[in-house]
Amino acid sequence: MRVVFVHGACVRDGSWWWHRTAELLWERGVPSVAPALPSCGEAGLPGGVSGSGLPEDVAALRQELQSGDEPTVVVAHSYGGIVTAEAAAGIGAVRHLVLVSSYLPEVGQSLSEFGDGGPAPFLDVDPAAGTFGVRPELLVDTFLQDCDAEIQAQAADHLARQSVRVTGQPVGAAAWQQVPSTYLVCAQDRGTPPRRQREFARRAGRIVELDAGHHPFLSHPAAVRDLLLSL
């Protein structure tokens, strides 16, 4: 099998965010890839970051998922669940979805419908530029409190401004309705409250809970590896 990792909002260099779990999988002979999402400014699209959105992210992930026919597990983190819902639909190679502190939208739902009516306090929104991002001073305490000092020091270099378009664009499919799915609840997450995760997880076929923060693939990579190998 192979694993396709889909990173969350406001970050770039997906391979860095997943590298600790990816390395452990590789040791077991399981290859993985973390495609870039254009709305985070990684694809050099005309119009820059603000000129892209969810459709471009879906197209980028779908292209990767269609690039091989080996059995594929898609691991989606946070906003990555929105992208995966549409991108993974109807692709026969996709055998399982793993949603990590993520969203499982119904057809027609958008990211904004999972919020509380306004930007989270750890986000900085620039309406003029059409972008939003994580406030660097809140990054560690909100998202990486259970990671080691090395990860905490490096993470800010892998943040990105993202197009606000992704927040209001609805998904056109819901792959989790057809593909077996596992939801990983992160019980110490300060970014997406665990109570909200448990609400989202009701749509998944299986629920697993881990005593971890928002990025368990960095703080508890062996646990995430073991979960993936058990599928």
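Provided above is the structure to which this section pertains.
A quick note: this is a predicted structure, and the numbers were derived from the prediction, not measured.

How each quantity is defined
- Residues numbered from 1 in each chain as written.
- Predicted model: local features only at pLDDT ≥ 70, side-chain atom pairs only at ≥ 80, totals over all residues.
- Heavy atoms only, no water.
- Helix = DSSP H or I, 4+ residues; strand = E, 2+ residues; numbered from the N terminus.
- Rg over C-alpha atoms; globule rule 2.2 N^0.38 Å.
- Buried < 20%, exposed > 50% of the residue type's maximum accessible area, 1.4 Å probe, protein only.
- Contact = heavy atoms within 4.5 Å.
- Lys, Arg positive; Asp, Glu negative; His and termini not counted.
- Charge placed at Lys NZ, Arg CZ, Asp CG, Glu CD.
- Pairing = 2+ DSSP bridges.
- Phe/Tyr/Trp six-rings, centres within 6.5 Å; stacked < 30°, edge-to-face > 60°.
- Core = buried A, V, L, I, M, F, W, Y, C linked by side-chain atoms within 4.5 Å.

Give me the overall build of the chain: which residues, what numbers.
Along the backbone of the chain there are 9 helices and 9 strands. Computed over its C-alpha atoms, the radius of gyration of the chain comes to 16 Å, within 12% of the 17 Å expected for a compact globule of 231 residues. Dimensions of the chain along its principal axes, counting C-alpha atoms only, are 45 × 40 × 35 Å. The burial tally for the chain puts 53% of its 231 residues in the buried class. When contacts within the chain are restricted to residue pairs at least 6 apart in sequence, those whose partners lie at least 24 apart make up 73%. Across the chain, the mean location of the 17 positive side-chain charges is 5 Å away from that of the 26 negative side-chain charges.

With reference to specific residues and values, describe the sheet that holds strand 7 (residues 162–163).
The strand order across the open sheet built from 3 strands is 5-6-7, with neighbouring strands paired in antiparallel fashion. Among the strands making up the open sheet, the edge pair consists of strand 5 (123–126) and strand 7. Both strand 6 (residues 131–134) and strand 7 contribute to a ladder of 2 bridges, which runs antiparallel. Following the sheet pairing, Phe132 is matched in strand 7 by Gln162.

Tell me about the pairing of strand 6, residues and numbers included.
Judged by which residues are buried, strand 6 turns out to be covered on both faces: Thr131 and Gly133 on one side and Phe132 and Val134 on the other are all buried. The turn linking strand 5 back onto strand 6 is made up of 4 residues, and Gly130 within it adopts a positive phi angle of 75°.

Describe the packing of aromatic side chains, naming the residues involved and giving the relevant values.
A full pass over the atoms with the stated rule returns 7 aromatic pairs. Measuring from centroid to centroid gives 5.3 Å for Tyr103 and Phe200, while their planes differ by 55°, and the two rings are tilted. Taken together, the residues span a long stretch of sequence, with Tyr103 in the loop between strand 4 (94–100) and strand 5 and Phe200 in helix 7 (residues 194–201) at a distance of 97 residues. Phe200 shares its class with Tyr103; the two are buried.

I'd like a rundown of the environment of Cys147, residues and numbers included.
With respect to the secondary-structure elements, Cys147 resides in the loop between helix 4 (139–143) and helix 5 (149–155). Linking Cys147 and Ser219, residues 72 residues apart in sequence, is a C-alpha distance of 4.7 Å. Excluding its chain neighbours within four sequence positions, the residues that come into contact with Cys147 are Gln152, His215, Leu218 and Ser219.

Hey, could you go over the nonpolar core for me, with residue numbers and the actual values?
By size, the foremost hydrophobic cluster in this structure holds 72 residues, and its most contacted members are Phe5, Trp17, Val75, Leu97, Leu144 and Leu228. Here Trp17 is in contact with Val11, Arg12, Leu144, Ala155, His158, Leu159, His215, Phe217 and Leu218, once residues within four sequence places are set aside.

Describe the pairing of strand 3 (residues 72–77), and please don't skip the residues or the numbers.
Within strand 3, 6 of the 6 residues are buried, which leaves the element mostly enclosed by the surrounding structure. Side chains Thr72, Val74 and Ala76 of strand 3 all project onto a buried face; the interleaved residues Val73, Val75 and His77 project onto the opposite face, where all are buried too. Across 5 bridges, the pairing between strand 1 (residues 2–6) and strand 3 is parallel. Bridge pairing in strand 3 links Val3 to Val73. Relative to strand 4, strand 3 runs parallel, the two being bridged by 6 bridges. In the sheet register, Val75 faces strand 4, and the bridge partner there is Val98.

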